[in-house]
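One letter stands for each residue in the lines below.
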Amino acid sequence: QVQLVESGGGLVQAGGSLRLSCAASGRTFSSYAMGWFRQAPGKEREFVATINWSGANTYYADSVKGRFTISRDNAKNTVYLQMDSLRPEDTALYHCATTRTPFTSATTTVAFYYWGQGTQVTVSS
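Please read these numbers as outputs of a predicted model, since none were measured by experiment. (Residues numbered from 1 in each chain as written. Predicted model: local features only at pLDDT ≥ 70, side-chain atom pairs only at ≥ 80, totals over all residues. Heavy atoms only, no water.)

### Regarding the overall build of the protein chain
We apply this condition: A run of H or I in DSSP becomes a helix once it reaches four residues, and a run of E becomes a strand once it reaches two; helices and strands are each numbered from the N terminus. What the globule rule says is 2.2 Å times the number of residues to the power 0.38, and the radius of gyration is computed from C-alpha atoms. When accessible area is computed with a 1.4 Å probe and restricted to protein chains, residues below 20% of their type maximum are described as buried, those above 50% as exposed, and intermediate ones as partly exposed. The contact criterion used throughout is that any non-hydrogen atoms of two residues lie within 4.5 Å. To measure how exposed things are, a 1.4 Å probe is used in the Shrake-Rupley method; for residues, cover is taken only from the protein chains shown. In summary, the charge assignment counts Lys and Arg as positive and Asp and Glu as negative, without counting His or the chain termini. One atom stands in for each charge, and that atom is NZ of Lys, CZ of Arg, CG of Asp or CD of Glu.
Assigned secondary structure in the protein chain consists of 0 helices and 11 strands. When the elements of the protein chain are put in sequence order from the N terminus, they spell out β-β-β-β-β-β-β-β-β-β-β. Taken over the C-alpha trace, the protein chain has a radius of gyration of 13 Å; the compact-globule value for 125 residues is 14 Å, and the two agree within 12%. Overall, the protein chain is about 40 × 25 × 25 Å in size when its C-alpha atoms are taken along their principal axes. Across the 125 residues of the protein chain, 42% fall into the buried class. Taking all contacts inside the protein chain whose residues are at least 6 apart in sequence as the whole, residues at least 24 apart take part in 59%. Split by element, the accessible area of the protein chain, about 6400 Å² in all, is 47% carbon and sulfur. In the protein chain, 11 positive and 8 negative side-chain charges are present, and the distance between their average locations comes to 7 Å.

### What about the sheet that holds strand β7 (residues 68-73)?
To summarise the sheet geometry, strands pair through backbone hydrogen bonds and adopt either a parallel or an antiparallel arrangement. Here is the rule: Being paired, for any two strands, means DSSP has found at least two bridges between them. Only C-alpha atoms enter the line fits that serve as axes; for helices the fit covers just the stretch in contact. Angles between N-to-C directions range over 0 to 180 degrees.
Within the open sheet, the 4 strands sit side by side as β1-β3-β8-β7. Their pairing is antiparallel. The sheet is open, and its two borders are formed by β1 (3-7) and β7, each paired with just one other strand. For this sheet, the mean angle separating the axes of adjacent strands, direction not counted, is 15°. In terms of strand pairing, β7 meets strand β8 (residues 78-83) through 6 bridges, oriented antiparallel. Residue pairing for β8: I70 is matched across the bridge by L81.

### Focus on the state of the cysteines
Stated formally: For this text, the term disulfide refers to a pair of cysteine sulfurs within 2.5 Å.
A full pass over the atoms with the stated rule returns 1 disulfide. With its sulfur 1.9 Å from that of its partner, C22 forms a disulfide with C96. Between C22 and C96, the S-S torsion sits near 55°, and that sign places the bridge as right-handed. You can see C22 sitting in strand β3 (residues 18-25) and its partner C96 sitting in strand β9 (residues 92-98), a full 74 residues away along the chain. Residue C22 shares its accessibility class with C96, and that shared class is buried.

### A word on the packing of aromatic side chains
Defined as follows: Only rings of Phe, Tyr and Trp enter the pairing, Trp through its six-membered ring, and a pair is recorded when the two centres are within 6.5 Å. The plane angle decides the type: under 30 degrees is stacked, over 60 is edge-to-face, the rest tilted. Whether a charge sits over a ring depends on NZ of Lys or CZ of Arg being within 6 Å of the ring centre and within 35 degrees of the ring normal.
The final tally for this structure, using the stated rule, is 4 aromatic pairs. Taken together through their ring pairs, the aromatic side chains of F37, F47, F112 and W115 make up a single cluster. Stacked on the ring of Y80, the Lys or Arg R19 has its end atom at 4.0 Å from the ring centre. The ring centre of W115 lies 4.8 Å from the NZ or CZ of R45, which sits over that ring.

Bear in mind that shape data such as this cannot, by itself, settle questions of function.
Here it is, written out as structure tokens:
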């Protein structure tokens, strides 16, 4: 069993930055690929970024490419999402999630088994 707890969300003006963290419990954290998803009110949960077990490979949604950076620190059992040049359309509840494989190119929620409760990001114009 893996438990995930997100933090770092908040209210920021357009063009600003936030850094989200996802702390994981469970000794197998470093074995699995991780991801970030987001869900805006009235919309489906959508893929943001993934990172493989070592951090060497990352994937991004086109909408965040060049602005967001996913990283991980396996010694701290934590995954990060650095968000720069934020836009009002980035406003959403951000969730981290883990797979059961060391690598993934998946962008759909069904590929991820454990989820955090989310942290709210609100970007004002």
